[in-house]
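# Reading the structure
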Amino acid sequence: MGCAMTQSFGWVPEGVDVTVPDASRVYDYALGGVHNFKVDREFWDRAERVMPSAGLIARANRAFLGRAVRWLVDAGITQFLDIGSGIPTLGNVHEVAQDADPAARVMYVDIDPIAVQQSRSLLSGNPGAAVIEGDLRRPAQILYHPEVLELLDFSEPVAVLTVAVLHFIPDSAGPASILSKIGDALVSGSYLVVSHVGPDSTPAGRQAQQQAVKLYENTPTPVILRDAEEVAALLGPAFELVDPGVVSATDWHPDPEEAEDPPQPAALVVLARKR
Amino acid sequence: MSDRAADAARPLSPEAQAVARRWTADVAAAGFLPAGRGRARAALEDLLRQLLDAVHAEPFNPAPGYQIGRRLVELRMSSPAVIGSTIALLAERLPELAGDPPGRRRIPHLMAGIAAGFSAAQRSAAVGAAEDMNRSEKLHWRRVQAGYQEQLRHTQLHDPQSQLPNRAHLLTHLTDRIATASPDARLGVGLLSIGDFAELSDTYGHDDLDLLLAAIGARLQQLAAAHGCFVAHLGDDLFALVVATGCLDDLAKAVDHACHALAASAPGACQPRIRTVEGLVEGPLQGTTAQAWIRDARCALGWARHDRRDRACYDPARAAADLRRHRLTGAMPTALDRGDFMPHFQPIYDLRSRRITGVEALARWRHGGQVLSPHDFIDLAEQSGQICRLGRSMLDQACRQAVIWREQGHRLTLSVNLSPHQLAEPDLPATVAGLLHDTGLPAAALQLEITESAAVEHHHQVINDLAGIGVQIAIDDFGTGYSNLAALSRLPVRCLKLDQQFIRQAPTAQAVTVLRHTRLLCQDLDIEVIAEGIESAGDERLLTDLGYTRGQGFRLARPAPAHTVTQLLARQAPGADP
């Protein structure tokens, strides 16, 4: 990191790398949030130029998260483990869950210590929500973390959310194995929520998408596209798909108010139940 | 929640509802709606209702416009496109909803308020976010720094090899315990030293020794956890154990456990067994200091090593004696410089005539208002290597005094003790010769007393050389060693000083027989005998009955300063001294 760049962000403490776009800050900006740096905004603006639908995909994905959480609360779930929660600004899981059931408990997990600290300050005073620093690639360290075990009761069903995070896990890191280990820790009746970037449905869309993927290759978190079949395969035998299975975010129990929104086939989502 | 309550209060006209739907669609197109489209429409319907109320309110108040602008941002409808589409929509559709011309004239004021409120809230949100990020990052780095500080603190307070608390940590631990101790609390501190550590180090090699220390650290940590004690590693071979006790036995048991843990730490079946030496201290906790506990345990460990035992317990009386010895040792060089050592003289008598025929010079030390005897300092002088200097000083002072007496007409034999250390000095004969020359004392008037063991086992050459310059050689404390007269006959010995134990054992028949035959044997060998330790009239009578002619002891005269002996000599009836 250049000294001049550090000085240009006078209020940024030394050591925070603001010269590289960060996935969670980019996503925050994509949703209209303000917890981001110039490098994140410039990165997203470039991504939107090569793939104009990127913003709508992000919003569709986030809207799905809100609907999925409400669906889960309606199904009786009161415990949520949100892995890869990012910057907790717009559409927080705990806001949605606790609005539907004030007794709902939410544990956020993110790999970025700054995002964790921001979450911590946001959640102060909320006994039903907490955050820890953790890496999805090391699920045991999350599942057996003392704070996680204190907030969540794994003898009861838990909904594990891996929303817009598995497409940052390459095959070499064993995403199916990670989900399998998570599944081992859950009792029957628990749920797994996945959203994942998939290939666009049109050649032009896919071409634009490839350009955006190339942009991500220059960040610490390159994106891996997986189609519906591949996403379903990640879940393994421990989970059974809940209707409608692996679908576009806009097709997953759509809000009647949003019926006219354009479909987003590249935003794949699925909700699965632990057998 | 207040939005929904207001929503339910008063329905909008179908025209206004259509405007709200359009507004919702525009806002949704402009950005993400976290709460969903339905809630967004309800919220916007409520804002539209407030706007229409403001249009018709009497008197007119433009403030609600500002609040509506702020509310849009609060509802997370905060992207720049939201305010653009909102202004465009309301400018187009609000006039027809407002109805009459006075209401329409108010619309621009309300719109200005919406724009200003939106901008102000947007700015607050952005600045607030920046502050929030700044705070979060500062907090994060504070945690990182705290982590580093904890690491640093751990490093400062733990031994790098064993990972056990180090000396500084032990001191802090003891200080804390002392500060919080109840009046009757007791404590035990054990210091465990690995015996033959240097050899162990050679056996294992450097890297393996580190592994061994790590294994010891792990085992002692387990012990500490299991028995509720505190363990520390004070470097290399030294470990400490701190435990709350009721009595010394409690500490001894805890140390036993630690010794077993240490012994079992050696990796591999063929490795040498780890042996420990232990120093223990146990007692009340209140009013003590951390340094004192470690000092006392170290003292006990020193005793165990010195006494060649596995374990020693701290004893205040022994420690006080040690301290006194250390202080005396430290004070000795300066005392020698200052001349605080001087000879006293014990007269040696002719038992028949009761005349003084000689004197034995005995060292005295004026120290701290007391006069110390040889048994207080001779061992210390030998251990600290100052005995030769002390011996030379005594010899010099005694010779000069003997010359004074000779000048007064008293031809006394001067006896001076020589330490085996002095005998080991190759230049001793030359030194003695030089002193005799300097003082003017005839060589034959000087009798050097050496111990039997020193004479028999070593230093034959030096003894012969001393005899060669004319000095008389006496065997001191005869009877406490081999009492090997045959061996002594090969040496130029002129005199035996019979140890007082012979007198003490009398009057048993065997002792009397030994006394009689010793005198007869010495007479045949032409060796003079001086009986030491004559303390009573009975002692003196027995010796004279057995034919002894010379002796010394408290019965006759105690050791005294030179001027006292001078007075004794002056009181003697005039007559020729031997």
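Residues numbered from 1 in each chain as written. Chains lettered and ligands numbered in written order. Predicted model: local features only at pLDDT ≥ 70, side-chain atom pairs only at ≥ 80, totals over all residues. Heavy atoms only, no water.

Per an unreviewed UniProt entry, chain B goes by the name Diguanylate cyclase (GGDEF) domain-containing protein and belongs to Mangrovihabitans endophyticus.

### Re the nonpolar core
Membership of the largest hydrophobic core comes to 58 residues, with the highest contact counts inside it found for Leu414 and Leu446 of chain B. With six residues, the single largest contributor to this core is helix H14 (residues 387-407) of chain B. Not counting the four nearest positions on each side in its chain, Leu414 of chain B is found in contact with Phe345, Val359, Ala361, Ala398, Cys399, Ala402, Leu441, Ala445, Leu446 and Gln447 of chain B. One finds Trp44, Leu72, Val96 and Val163 of chain A within the second-largest nonpolar core, a separate group that totals 51 residues. (Core = buried A, V, L, I, M, F, W, Y, C linked by side-chain atoms within 4.5 Å. Buried < 20%, exposed > 50% of the residue type's maximum accessible area, 1.4 Å probe, protein only. Helix = DSSP H or I, 4+ residues; strand = E, 2+ residues; numbered from the N terminus. Contact = heavy atoms within 4.5 Å.)

### Let's talk about the packing of aromatic side chains
For the structure on display, the rule yields 10 aromatic pairs over all chains. For the pair Phe341 of chain B and Phe377 of chain B, a centre-to-centre distance of 5.2 Å together with 70° between the ring planes defines the contact as edge-to-face. Of this pair, Phe341 of chain B sits in strand E6 (residues 341-350) while Phe377 of chain B sits in helix H13 (residues 374-383); the two residues are 36 residues apart in sequence, bridging distant segments of the chain. Considered together, Phe341 of chain B and Phe377 of chain B belong to a single accessibility category, that of buried residues. Every member of this aromatic cluster is reached through a ring pair, and the members are Phe64, Trp71, Tyr191 and Trp252 of chain A. Just above the ring of Phe554 of chain B sits the side chain of Arg558 of chain B; from NZ or CZ to the centre is 4.2 Å. (Phe/Tyr/Trp six-rings, centres within 6.5 Å; stacked < 30°, edge-to-face > 60°. Lys NZ or Arg CZ within 6 Å of the ring centre and 35° of its normal.)

### Here's the deal with the pattern of salt bridges
Under the criterion given, the structure shown has 36 salt bridges over all chains. A salt bridge links Arg41 of chain B to Glu257 of chain A, with the nearest nitrogen and oxygen atoms 2.6 Å apart. Of this pair, Arg41 of chain B sits in helix H3 (residues 37-56) while Glu257 of chain A sits in the loop between strand E7 (247-248) and strand E8 (267-274), placing the two residues on different chains. By relative accessible area, Glu257 of chain A is classed as partly exposed at 29%. Here Arg392 of chain B makes a salt bridge to Glu425 of chain B, at a shortest N to O gap of 3.7 Å. Note that Arg392 of chain B is positioned in helix H14 and Glu425 of chain B in the loop between helix H15 (420-423) and helix H16 (428-439), a separation of 33 residues in sequence. Take Arg392 of chain B: its relative accessible area is 36%, and that puts it in the partly exposed class. One salt-bridge network, held together by shared partners, links Glu360, Glu449, Lys497 and Glu532 of chain B. (Salt bridge = Lys/Arg side-chain N within 4 Å of Asp/Glu carboxyl O.)

### Quick notes on the sheet that holds strand E1 (residues 186-194) of chain B
Residue and element names in this part refer to chain B. Sheet architecture is open: five strands sit in the order E2-E3-E1-E4-E5, paired in mixed fashion. Both outer strands of the open sheet, strand E2 (230-235) and strand E5 (311-313), are each paired with one neighbouring strand and no more. Neighbour-to-neighbour, the strand axes of the sheet open up by a mean angle of 20°, direction not taken into account. Here nine bridges tie E1 to strand E4 (residues 276-284), and the two strands are oriented antiparallel to one another. Pairing of Leu192 across the sheet is with Glu278, part of E4. (Pairing = 2+ DSSP bridges. Axes fitted to C-alpha atoms, helices over the stretch in contact; angles between N-to-C directions.)

### Examining the packing of H3 of chain B against helix H6 (residues 101-157) of chain B
Two quantities define a packed helix pair, namely the angle between the axes and the distance from one axis to the other. All names here are of chain B. Where H3 contacts H6, the two axes come as close as 9 Å, and the packing angle between them is 130°. As the angle between them shows, H3 and H6 are arranged oblique. Regarding H3 and H6, the two cross each other, and that crossing is right-handed. In this structure, H3 contributes Leu51, Ala54, Val55 and His56 to the contact, and H6 contributes Gly103, Arg106, Ile107, Leu110 and Ile114. Its residues placed into classes, the contact of H3 with H6 shows six nonpolar, two polar and one charged. (Parallel < 35°, antiparallel > 145°, perpendicular 65-115°, else oblique. Left-handed = near helix turned anticlockwise from the far one by under 90°. Nonpolar A, V, L, I, M, F, W, Y, C, P; charged D, E, K, R; others polar.)

### Concerning the side chain of Arg59 of chain A
Examined against the element boundaries, Arg59 of chain A turns out to sit in helix H4 (residues 54-74). An unpaired buried charge is present at Arg59 of chain A: no salt bridge exists, and Glu48 of chain A, the closest side chain of opposite charge, is 6.8 Å distant. (Lys, Arg positive; Asp, Glu negative; His and termini not counted.)

### Quick notes on the pairing of E6 of chain B
Residue and element names in this part refer to chain B. Extensive coverage of E6 is indicated by the burial of 10 of its 10 residues. Here E6 shows no split at all, with Phe341, Pro343, Phe345, Pro347 and Tyr349 on one side and Met342, His344, Gln346, Ile348 and Asp350 on the other all buried. For E6 and strand E7 (residues 355-367), the ladder comprises 10 bridges, and the chain directions are antiparallel. Bridged to Ile348 within E7 is Gly358. If you look at the hairpin formed by E6 and E7, you'll find four residues sitting between the two strands, and Arg354 has a positive phi there, around 55°. Of the strand pairs in this sheet, E6 and strand E14 (residues 550-551) are connected by two bridges, and their pairing is antiparallel. Paired with Asp350 across the bridge in E14 is Arg550.

### Examining the domain arrangement of chain B
Much of the literature gives interface size as the accessible area that the parts lose upon coming together. As assigned here, chain B comprises domain 1 (2-130), domain 2 (167-314) and domain 3 (325-571). Measuring from the centre of the C-alpha atoms in domain 1 of chain B to the corresponding centre in domain 3 of chain B gives 121 Å. (Domains from an automatic or database assignment.)

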